[in-house]
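# An overview of the molecular structure
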Amino acid sequence: MSGKYRVKADLLQIYYFMRLTRAMEDRTRTLFLQGRVVGGVYTAQGHEATTVGAAMTLRDGDCIVPQHRDLGMHLVRGTAPRAVMCQWLARGNSPSLGRDGQLHIGDIHHGIVPAISMLGESLPVACGIALTMKMRRRSTIVLAACGDGATSTGPFHEAMNFASVQKLPLVLVIENNGYAYSTPNAQEFALTNLSERAAAYGIPGESVDGNDVLAVIDAVGRAVEHARSGKGPAIVECKTFRVRGHSEADKADYVPPALREEWLAKDPINRFEAYLTREGILTPERKAEIETRVKGVVDDAVRFAEQSPPPDRETVADYLFAPDGPIAIVGEPGANNPRYVNALDTRTGQPFSTVSKAEEAVGRR
Amino acid sequence: MSEKKVTYLEAISQAIREEMRRDEAVFLLGEDVGTYGGAFKVSAGLLEEFGPERVIDTPMSEAAIIGSAVGAALMGMRPIAEMQFIDFITCGFDQIVNMATKMYWRSGMPIPIVIRGPSGGGTKGGPFHSASPEGWFFHTPGIKIAVPSTAYDAKGLLKAAIRDNNPVLYLEHKLLYRMPELREDLPEEDYVVPLGKAIVRREGEDMTMLTYGAMVHQCLQAARVLEEEDDVEAEVLDLRCLIPLDRASIIESVRHTNKVLIVHEDTLTGGIGAELAAILAEDLFEYLDGPITRVAAPDVPFPYAPPLEEAYLPNAEKIVAAARNLAAY
């Protein structure tokens, strides 16, 4: 366990984000079953140690390039639960204004890049952000994520190769959850560990128990330090398991029941909770407090989304092109001056609303 | 100031250099663009002036080139991504059609990138070095397409593309790169050719030729023949940009001439001409005195052998033949 996370408050914060992630997804699933989420729902029960843990290693100015199952990363880095629920419920004030669903949201001013469904394609984009950080002599880094499935794509290779040649400040977390939809690891790749792919790029690679949040923080923390020190990219494979289907429409009956049971027994939240209880950090009172807080945040997000209007049909052909005008280099002084086309959401004339200004963003540091 | 007539290629090179001097957010990345100066030497000398951080030699990775450009653009940079031959843009297709073009629309974050490269045939490039890829992207909402035909436009459109806050596909026709007839004096002062403004290259009463890129010059040659041999005055409208499309200029010209010949180097079916024909049929039905006529490449891949390439590409002779049929109405 890493020294810097021995502080009680940090550990409880990690626990809070893991619980919040699970609770948001549980509620999203309920909304889906009630027919209130009209599109596909992709959740990540079992990934919470990986997504929350990896994001906890970052600092202000760092950037995440998450994939579709990375709600934990979003929440830690400040994506507002209200924005997430508005997106699921296709509200007119969702970050995509109802144009897109899922967790495809982000705000570059807060270092969050919206995912797309072509998995692996976000990794070259992560390179461009890291390239800019390098060109601008920043000490910030990019944390990108992909699943085991995306490691089979061309863009995965192109991105990791380019990042290693350019020594970009990029950490790639591979969330190996056992299956690419219904295709098991054995039919995806012929390696024991996906971190071995790092050897092909001459960069460090490490595999870690993705259901042990402190182990994740240690491993990703080392990779982040490596990238931040200018030594180039690194890969961390977090071995976890997708205990539910690819989407909520998938019963995942191709997963042997015994295998699922085995992983359910390794549930990352239960494990961390047992640890915190054993160490005397999580008392029944603190646990009740956190549960109340989590429920409050989720209830508020759902209520807010349900009270939000649907998008206006009249806007269907709008927002294709950005207007003319100066563009700020993100993260530099004055970049949020509204005279810059990228300072505001020029579709609405309002500031970007993806990231909460309120207390939900406590994971940012 | 020394008077030196500038080629189409030098005009492109000047635009990149001047924009990189003007704005530190502008940088170039692509295969062999640095030390080698690019396969056609468009970027010769840029590495020496701007250094390896702003003139980036990349691995052979079009998805990484375009994707990195998108990432840098999210950060507020204005990258120019070079495709060594525009044919290779297919290797980075997803980064354009799913990543770059949908980003502003779905997130409000602008993607000011230029993707440019040598396009078109007539250089014995065969099926993988002769592409006219505009049709693929013309059908993709969220990207602008510039298709310069002169040195003046090559420079002015590229500057406008670099300053635009959206993805712009800039198709430079490699046959025009060093064509002596296209050398011209360019203004000393900074100028842009705005995206989406067509220009009448030759005025005429009897029909409008709608065209762009290298075919502008074939149309002009055909128009001279028609004038001399047939007493037909063809107007040649150079579209300069396919998106945004200058509908107003198209409509103004055709209202006046009442006949339309559409000429492009890309293949016929579902091409730019099909859309132009649909626009004209919808908006100007009662003004048309003859069938909307298209001259384009046949619906097969681009061939290599010289007789086949010649048979494949539209040229002045084929344009004259089609124009004579149209003029007879």
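All residue numbers refer to positions counted from 1 along the written sequence of the respective chain. Naming scheme: in the order in which they are written, chains are lettered from A and ligands are numbered from 1. Only residues with pLDDT of 70 or above have their local features reported here, since the model is predicted, and side-chain atom pairs are shown and tallied only from 80 upward, although totals for entire chains, interfaces and linings are computed over all residues.

### Focus: the pairing of strand β11 (residues 260-267) of chain B
Residue and element names in this part refer to chain B. Rule in force here: Working definition of burial: number of other C-beta atoms within 10 Å of the residue's own, with buried at 20 or more, exposed at 12 or fewer, and partly exposed in between, all C-beta atoms being placed from the backbone. Helix numbers and strand numbers start at the N terminus; a helix is a DSSP run of H or I with at least 4 residues, a strand a run of E with at least 2. At least two DSSP bridges between two strands are needed for those strands to be called paired. Here is how to tell: hold the view so the strands point away, follow the path from the first strand over the helix to the second, and if it runs clockwise the crossover is right-handed.
Along β11, 7 of the 8 residues are buried, which leaves the element largely enclosed by surrounding structure. Taken together, the 3 bridges between strand β8 (residues 207-211) and β11 define a ladder with parallel strand orientation. Opposite Thr-208, over in β11, you have Val-260 as the bridge partner. As paired strands, β11 and strand β12 (residues 293-297) are joined by 4 bridges and run parallel to one another. Among the inter-strand pairings, Val-263 is bridged to a residue of β12, identified as Val-295. Assessed by its sense of winding, the connection that carries the chain from β11 through helix α9 (residues 272-283) to β12 is right-handed.

### Brief notes about the confidence of the model for chain B
Keep this limit in mind: The predictor's confidence in any single residue is recorded as pLDDT, a number from 0 to 100.
On average, residues of chain B score 97 in pLDDT, and 99% of them reach the 70 mark or higher. In the model output, the complex is listed with pTM 0.97 alongside ipTM 0.96.

### Points about helix α8 (residues 247-257) of chain B
Residue and element names in this part refer to chain B. Condition: Picture the helix axis, draw a direction to every C-beta atom, and the arc is the one those directions span. By definition, residues are in contact whenever their C-beta atoms, placed on the basis of the backbone, come within 7 Å of each other.
Listed as buried for α8 are Ser-249, Ile-250, Ser-253, Val-254 and Thr-257. One side of α8 holds all its buried residues, which, seen down the axis, span an arc of 120 degrees. Contacts made by the buried residues of α8 are with β7 (199-202), β8, β9 (234-238), β11 and α9. Immediately downstream of α8, the backbone of Asn-258 shows phi near 70 degrees, a positive value.

### Section: the sheet that holds strand β5 (residues 144-146) of chain B
All names here are of chain B. Selection criterion: Axis definition: a line fitted to C-alpha atoms, over the contacting stretch in the case of helices. Angles run 0 to 180 degrees between N-to-C directions.
Strand order in this open sheet of 7 strands is β2-β1-β3-β4-β6-β5-β10, and the pairing throughout is mixed. What marks the edges here is a single partner per strand, and that holds for β2 (55-57) and β10 (241-243). Neighbour-to-neighbour, the strand axes of this sheet turn through a mean angle of 20 degrees, independent of strand direction. Of the strands in this sheet, β1 (26-30), β3 (78-82), β4 (114-119), β5 and β6 (168-173) touch helix α6 (residues 151-163), which is tilted by about 160 degrees from β6.

### Looking at the domain arrangement of chain A
Residue and element names in this part refer to chain A. Counted only if it meets this: The split of the chain into domains comes from an automatic or database domain assignment. Basically, the charged four are Asp, Glu, Lys and Arg, the nonpolar ten are Ala, Val, Leu, Ile, Met, Phe, Trp, Tyr, Cys and Pro, and anything else, Gly included, counts as polar.
Segmentation of chain A into domains returns domain 1 (3-319) and domain 2 (326-350). Here the C-alpha centroids of domain 1 and domain 2 sit 27 Å apart. The residue makeup of the side of domain 1 that touches domain 2, split by class, is 3 nonpolar, 2 polar and 1 charged.

### Here we look at the domain arrangement of chain B
All names here are of chain B. By the assigned domains, chain B splits into domain 1 (8-182) and domain 2 (199-327). Taken over C-alpha atoms, the centre of domain 1 sits 26 Å from the centre of domain 2. Those elements giving two or more residues to the side of domain 1 that touches domain 2 turn out to be α5 (134-138), β5, α6 and β6. In the side of domain 1 that touches domain 2, the residues fall into 12 nonpolar, 9 polar and 4 charged.

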